[in-house]
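Residue-level listing of the chains:
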Amino acid sequence: MPEPLYTPFAAQPETLRISPDLAGRYGLAAWAENFALGTAGYRDLLDPDDFFSSEVPFNAVTVGIMLTARAQLAVEHGLSRLHVGGEVRPHTQELIDLAARLYAAHGLEVHLRPEGERTTPIWLSSFGVFVDGLDGGENFTASHSQSYKGGWKPMDQGGGQLLEMAPLIAERVRVLARMAVTEGLEIALASAGDPRILRTFDPYDRYVEVLRQVVPADLIAEAAAAGEHGFRACFCTEGGSMAPAARRVFAALGIGMDDAGPVYFTHEQESSTYHGIGVVDGVNHGVDPGKWQVYKHVGAQEILREGRASIFFIWDPDGDRFNMVTTAPADLADTAREAGLEVDPLDDDRCLVYFKPNQIYFMLTAAKIAALEAAGELDRYDWIVASTWPTSRSIGEVAESVTARGGARLATFRVPVGFKHFAALVGDLERQIADGADDCTATDVTGETTSFGPQPRMLIMAEESGGAAMGPAEPVTSRDGGRTSLAPKEKDAMQIGVMALCLAARLHREERSWAGYYLDLLREHDVRWRFYERRDVTLFDESLKGEAREAARRAGNQRKEDTVAWFAHLEGRDPDDVRAALNDALPEGIEAPAVERCFHAGDGTLIEMRGQWFELRASGTDAVLRFYMEGDDPDRVRVLNQAFTDLEIDGRLS
């Protein structure tokens, strides 16, 4: 292994020198041409054993260029105070050190976690940037991706992912890479002890204040007292950043842990490989709690079978995704399965019931509405139930059902995938409120405008992939009073975890199962959209290196581009023409239902059909094509989505 290009954590200033020869060895020209900030920032392959490896695209040199672009633009736009945090994957501490020293060398003030606090969940980074009045920040995370991938997620002053500045950073990266290739590039690094690097980022006090406004007090009381009723809840933290954060939050809420209360953790010890979670039959599927390779292989079944917990929750490493494993009476198994729930046997008396994130957010939405109604706050504000286009429409059905009963006016709204679009929606509503608008509105990607009223509030913002957040009844203010916020600008699985824990405690006291609660809600709100599935097609093995990786990437990208283009060419066409094109492509014996409309949903092609809908979307974070479908008939959903997934697209547009 060659000598490092600088010394991480050095006590003296240094310079990272990238000569044209070095730039060639790192392939900076080709790397920069493909660089972009996607739905979750930038993610790519790293080498867990070598921070300076030139064989992978995420390394000290490429990150140094990314951060230089960010720092230069920050200075040019008058920004002066940034936060830097991260989770636990390989080299995270070195990445935080690199960013802090590089930013300090540019004259920026850098806010890190206090000494001894190594990690920062993404929701804490986002909230702290806003509440501490900083000019922005970033978190080194690739969230639920495999541990061999690195990630960088920069955010604006509201704690939301960058929008306007994202393309400017990408273009500046290309400028800097060209400079390195032609004449060389020198990147100044301050000492690790530079006075501009402050270890003061610790916004838990204000976070818990806001959390108490989001989760109803009577529900929090249920969790705090649940141990007296024999309730035990286990959280798997996957070796990530959530254990120390959650311990502080639970303590502040008065929810006891371990021997002192109903909550305990598994996989709490920090692990850059996530304790091997998600590795099944030698294949690393990542640590997304919504994947069966995770929720069926983290020990939940044994813990529930042995009675060591009443419910099993899972957080991903940076705390933005959430899932749970539950039990129900065995005689409810068939009914639950027929309603679209995933059910496995457990013992003579109980079965296991697995919920998709869609279904969890459906239940939490209903629970939050009921709590607001009980508190008299449901009709005091203009509550909004927001989701992404490929998220289950059952969540919106709850809002529509309550509105139809005359209890309150609840609006629904859809955005493209990526929490940055929720953040943009919230930011726009905040501006309209500040301007004194009599009626706040938003226009979706199809051009349809929704009226919300003069006091919009975000009840929930939900993504089918497992990320969500809820807003309080009253806007949150920053410490200095200079900023207000209607809702989080980033996914917050701490918030969702507390809400689910408290509801689980109540259901346990009432001797009800989650499955029974779900079935009751389906009946109460006459829910149509019950059967949902997402099929993922992997385009290439992202663990490959060198030329093998490039060859696989080119082939995978070609398949992606061909598939995306074929579905895109149907957008905006006459519905009968769309159906004819689909039926011409589908195998014999399978037909598409009548098409109602086909349009671009901002992130992919969405086709609304009689009784079901479909979306094709290329992931913005992984080498994956996603095929989403939902409908009122499980067999029709399964058969048609499989047929769409198996379509032979090659040559159909030529």
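Residues numbered from 1 in each chain as written. Predicted model: local features only at pLDDT ≥ 70, side-chain atom pairs only at ≥ 80, totals over all residues. Heavy atoms only, no water.

1. Some points on the packing of helix H13 (residues 357-375) against helix H16 (residues 493-509)
For clarity, the threshold we go by: Fitted lines through C-alpha atoms give the axes, limited to the stretch in contact for helices. The angle between two N-to-C directions lies from 0 to 180 degrees. The helix and strand labels rest on DSSP assignments: H or I over at least four residues marks a helix, E over at least two residues marks a strand, and numbering proceeds from the N terminus. In what follows, roughly perpendicular refers to angles from 65 to 115 degrees, roughly parallel to angles under 35, roughly antiparallel to angles over 145, and oblique to any angle outside these ranges. We call two residues in contact whenever any of their non-hydrogen atoms come within 4.5 Å of each other. In this classification, Asp, Glu, Lys and Arg are treated as charged, Ala, Val, Leu, Ile, Met, Phe, Trp, Tyr, Cys and Pro as nonpolar, and every other residue, Gly included, as polar.
Two elements in contact, H13 and H16, have axes whose closest approach is 11 Å; the angle formed by their N-to-C orientations is 75 degrees. For the element pair H13 / H16, the angle class is roughly perpendicular. Seen from H13, the contacting residues are Tyr361, Leu364, Ala367 and Lys368; seen from H16, they are Ile496, Met499, Ala500 and Leu503. Counted by class, the contact of H13 with H16 contains 7 nonpolar, no polar and 1 charged residues.

2. Some details on the sheet that holds strand E4 (residues 109-111)
To keep things clear, this is the line we draw: Strand pairing requires that DSSP identify at least two bridges connecting the strands.
Taken together, 6 strands build an open sheet; the order of strands is E2-E6-E5-E3-E4-E8 and the sheet is mixed. Where the open sheet ends on each side, the last strands, each with one partner, are strand E2 (42-45) and strand E8 (197-198). Taken together, the 4 bridges between strand E3 (residues 81-86) and strand E5 (residues 137-140) define a ladder with parallel strand orientation. Directly across from Gly86, in E5, lies its bridge partner Phe140. Sheet strands in contact with helix H4 (residues 92-105) are E3, E4, E5, strand E6 (149-155) and E8, and its direction is about 170 degrees off that of E3.

3. As for the nonpolar core
Our working rule: Remark: nonpolar core denotes a set of buried residues (Ala, Val, Leu, Ile, Met, Phe, Trp, Tyr, Cys) joined through side-chain atoms within 4.5 Å. Each residue is placed in one exposure class: buried if its accessible area under a 1.4 Å probe, protein chains only, is under 20% of its type's maximum, exposed if it is over 50%, and partly exposed if it falls in between.
Within the largest apolar cluster, 90 residues are counted, with the highest numbers of intra-cluster contacts made by Phe250, Phe313, Trp315, Met494 and Leu501. If one sorts the elements of this core by residue count, H16 sits on top with 12 residues. With sequence-adjacent residues up to four places away left out, Phe250 is seen in contact with Phe235, Ile255, Met257, Val263, Phe265, Trp315, Met494, Val498 and Leu501. Core analysis: the second largest hydrophobic core is formed by 55 residues, Tyr6, Ala166, Leu185 and Ile187 among them.

4. What about the environment of Asp259?
For Asp259, the position within the fold is in the loop between helix H9 (242-253) and strand E10 (263-266). Distance in space between the C-alpha atoms of Asp259 and Trp566 is 58 Å, their sequence separation being 307 residues.

5. Concerning the pairing of strand E1 (residues 14-18)
Burial along E1 is one-sided: Glu14, Leu16 and Ile18 are buried, while Thr15 and Arg17, pointing the other way, are not. Sheet analysis places E1 next to strand E7 (residues 185-189), joined by 5 bridges and oriented antiparallel. Directly across from Arg17, in E7, lies its bridge partner Glu186.

6. Side note on the packing of helix H5 (residues 122-131) against helix H7 (residues 204-214)
Axis separation between H5 and H7 bottoms out at 10 Å; the angle between their running directions is 100 degrees. Considered as vectors, H5 and H7 are oriented roughly perpendicular to each other. On H7, the residues touching Trp123, Leu124, Phe127 and Val131 of H5 are Tyr204, Arg206, Tyr207 and Val210. Looking at the contact of H5 with H7 residue by residue, the classes come out as 7 nonpolar, no polar and 1 charged.

7. Here we look at the pattern of salt bridges
What counts here: The rule for a salt bridge is simple: a side-chain nitrogen of Lys or Arg has to be within 4 Å of a carboxyl oxygen of Asp or Glu.
For the structure on display, the rule yields 53 salt bridges. With a shortest N-O distance of 2.8 Å, Glu87 and Arg89 are connected by a salt bridge. With a relative accessible area of 0%, Glu87 lands in the buried category. For the salt bridge of Arg248 with Asp202, the shortest nitrogen-to-oxygen distance reads 2.9 Å. Of this pair, Arg248 sits in helix H9 while Asp202 sits in the loop between E8 and H7, placing them 46 residues apart in sequence. For Arg248, a relative accessible area of 33% translates into the label partly exposed. Each member of the salt-bridge network shares a partner with another, and the members are Lys153, Asp320, Glu463, Glu490 and Lys491.

8. What about the pairing of strand E29 (residues 624-631)?
Residues in a regular strand project their side chains so that they alternate between the two faces of the sheet. Among the 8 residues in E29, 8 count as buried, and that is most of the element. With burial as the criterion, each face of E29 is covered, one bearing Val624, Arg626, Tyr628 and Glu630 and the other bearing Leu625, Phe627, Met629 and Gly631. For strand E25 (residues 531-538) and E29, the ladder comprises 8 bridges, and the chain directions are antiparallel. Residue pairing for E29: Glu533 is matched across the bridge by Met629.

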